[in-house]
Amino acid sequence: MIKVHPIVKGTAATMLAALALIVIAWGHGRPAPPPTRGGTDSVRAVRLRLTFESGHWANVTEVEGGTIKVERDGKKLAITPYIRDQGKVELRVFQAVQHEGRETMEAVGTLLVDKGLTKLERGGLPLSVQVLDAEKRLPADPPTASVAECCARACDGTLVCGVCVCTDCGVCFTHGWCDCNPPAPPGE
């Protein structure tokens, strides 16, 4: 007598495995559905004022979870804002350090800021931070999170990068919604 039962099991298992591979390959080639934004057409952002030790300043807008970069005299900070309750913003601060000839970003602390001036003395770049707008909404189309950063220098040479940067000496923005006043022409 021929045993058919193990052959049927083997054939069924092989067919299921082949079907699974086809489904995986078919799903892999399809684009992912666009992320949902809870029915809104905007993303949350924060607008901060950075005042440097020299008295020069920068207003920078960044999407929540994005990165604001500050650089002067070879010292670099990366600041990631997260919007909290009642107009407060949590800043996660990182500094550039050299490890085995490579530059890496190392966490140096977390700071909770609001409309009052708060000193940030980490990473060798002393500055003060205050929240100008913790409830800023930016258009989601085109997706703001994928917008290339732009950078502008303050008059003391400090380079600041974000989605929208306004300094006492320059302006940089990637979209028309940036609320910077253009710097005054030289001689005024």
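Residues numbered from 1 in each chain as written. Predicted model: local features only at pLDDT ≥ 70, side-chain atom pairs only at ≥ 80, totals over all residues. Heavy atoms only, no water.

1. Concerning the sheet that holds strand S2 (residues 57-63)
Here is step 1 of the chain: With antiparallel pairing, six strands are arranged side by side in an open sheet as S7-S8-S1-S2-S11-S12. With one partner strand each, in any of the chains shown, strand S7 (118-120) and strand S12 (171-173) form the two edges of the open sheet. Going across the sheet, the axis of each strand differs from the next one's by a mean of 25 degrees, ignoring polarity. (Pairing = 2+ DSSP bridges. Helix = DSSP H or I, 4+ residues; strand = E, 2+ residues; numbered from the N terminus. Axes fitted to C-alpha atoms, helices over the stretch in contact; angles between N-to-C directions.)

2. Observations concerning the pattern of salt bridges
Here is step 1 of the chain: Inspection of every chain in the model, using the stated rule, returns six salt bridges.
Here is step 2 of the chain: Notably, a salt bridge pairs aspartate 156 with arginine 72, separated by 3.4 Å at the nearest N-O pair. One end of the pair, aspartate 156, is in the loop between strand S9 (150-153) and strand S10 (159-162); the other, arginine 72, is in strand S3 (residues 68-72), and 84 residues separate them in sequence.
Here is step 3 of the chain: Accessibility expressed as a relative area gives 14% for arginine 72, which makes it buried.
Here is step 4 of the chain: Ionic pairing is found between glutamate 90 and arginine 84, a salt bridge with its closest N-O pair at 3.1 Å.
Here is step 5 of the chain: Under the relative-accessibility criterion, glutamate 90 is labelled buried at 15%. (Salt bridge = Lys/Arg side-chain N within 4 Å of Asp/Glu carboxyl O. Buried < 20%, exposed > 50% of the residue type's maximum accessible area, 1.4 Å probe, protein only.)

3. Examining the side chain of threonine 61
Here is step 1 of the chain: For threonine 61, the position within the fold is in strand S2.
Here is step 2 of the chain: Residue classification places threonine 61 among the buried positions, given a relative accessible area of 1%.
Here is step 3 of the chain: Aside from chain neighbours lying at most four places away, what touches threonine 61 is Ala45, Val46, Arg47, Lys136, Leu138, Gly162, Val163, Cys164, Trp177 and Asp179. (Contact = heavy atoms within 4.5 Å.)

4. Quick notes on the pairing of strand S8 (residues 127-139)
Here is step 1 of the chain: With 10 bridges connecting them, strand S1 (residues 42-52) and S8 associate as antiparallel partners. Within S8, the position partnered with alanine 45 by the bridge is lysine 136.
Here is step 2 of the chain: Pairing of S7 with S8 involves three bridges; the strand directions are antiparallel. Bridging across to S8, lysine 119 finds its partner in serine 128.
Here is step 3 of the chain: Where S7 hands over to S8, the hairpin turn is made up of six residues, of which glycine 123 adopts a positive phi near 75 degrees.

5. Quick notes on the sheet that holds S10
The strands that make up a sheet are held in pairs by hydrogen bonds between backbone atoms, and each pair lies either parallel or antiparallel.
Here is step 1 of the chain: Pairing within the open sheet is antiparallel, and its six strands lie in the order S6-S5-S4-S3-S10-S9. Across the chains shown, the open sheet's two edge strands, defined by having one partner strand only, are strand S6 (102-113) and S9. Averaged over all neighbouring strand pairs, the angle between strand axes comes to 20 degrees, with direction disregarded.
Here is step 2 of the chain: Inspection of the sheet shows strand S4 (residues 75-83) paired to strand S5 (residues 89-99) by seven bridges, in the antiparallel sense. Bridge pairing in S5 places threonine 80 opposite arginine 92.

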